[in-house]
Amino acid sequence: EPLSDKLVQLGPRDLGNASVSGELDEVVAETKDLFSQPGSWCGKDQRLSLERFKVRIRAHTSRTRGVSLTRTIRELRSYLVGWRNYFGFCETRSILKELDSWIRRRLRCMQWKQWGRRRYRELRKRGVSRDLAWNTTKSAHGPWRLSRSPALSFALPAAYFDSLGLPRLAEA
């Protein structure tokens with residue numbers, strides 16, 4: 001009998017009933033098996049969940065969207081907090097840390113594109129050395145590649161995004 005049928009049959013009033021305790025143990029055992037399956041993430045399909053998440057984040061962090069960084073983070077905040085509350089209890093902290101890093105990289109890329117011709121001045125204003133700022137600004141690489149550069153990581157560190165209110169998926 002499928003797990004979902006058992007959960008439907010066991011209503012909230014049945015939980016205190018001693019006759020159902022055997023069935024409840026069986027449901028708990030099946031649930032534990034479900035959580036430990038490869039390819040599933042806390043009982044949900046991992047690939048589908050991650051793809052939906054990334055599509056939503058990409059829509060909010062488009063480089064040509066023309067929205068300020070603070071507004072973008074404000075829009076992302078409720079979605080990220082809800083997503084963390086839903087998936088945060090899982091034991092897959094490494095995936096959550098990778099997603100945190102990916103989101104910050106998307107935001108750095110978006111900010112780099114929005115700086116336009118002011119890129120050198122913005123890097124210098126944020127404490128990047130003259131040579132590093134110049135080499136990064138004159139680089140032939142695109143915004144996505146440069147979003148991982150030392151200059152942008154120094155100018156826009158994780159603490160900067162924390163100060164703007166960007167929630168972390170993998171809380172320390």
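Residues numbered from 1 in each chain as written. Predicted model: local features only at pLDDT ≥ 70, side-chain atom pairs only at ≥ 80, totals over all residues. Heavy atoms only, no water.

So, about the environment of Lys113. Structurally, the position occupied by Lys113 is in helix α5 (residues 93-115). On the basis of relative accessible area, Lys113 is assigned to the partly exposed category, the value being 37%. Each C-alpha atom of the pair Lys113 and Gly66 lies 9.8 Å from the other, and the pair is 47 residues apart in sequence. Those residues in contact with Lys113 that lie beyond four places of it in its chain are Arg63, Arg119 and Pro143. (Helix = DSSP H or I, 4+ residues; strand = E, 2+ residues; numbered from the N terminus. Buried < 20%, exposed > 50% of the residue type's maximum accessible area, 1.4 Å probe, protein only. Contact = heavy atoms within 4.5 Å.)

Counted according to the given criterion, the structure contains seven salt bridges. The partner of Arg65 in a salt bridge is Glu75, and the shortest N-O contact between them spans 2.7 Å. Within this pair, whereas Arg65 is found in the loop between α3 (46-60) and α4 (69-87), its partner Glu75 is found in helix α4, the two being separated by ten residues in sequence. Its salt-bridge partner being Asp162, residue Arg168 comes within 2.9 Å of it at the nearest N-O pair. Given the relative accessible area of 30%, Arg168 is considered partly exposed. Taking the relative accessible area as the measure of exposure, Asp162 reaches 34% and is therefore partly exposed. (Salt bridge = Lys/Arg side-chain N within 4 Å of Asp/Glu carboxyl O.)

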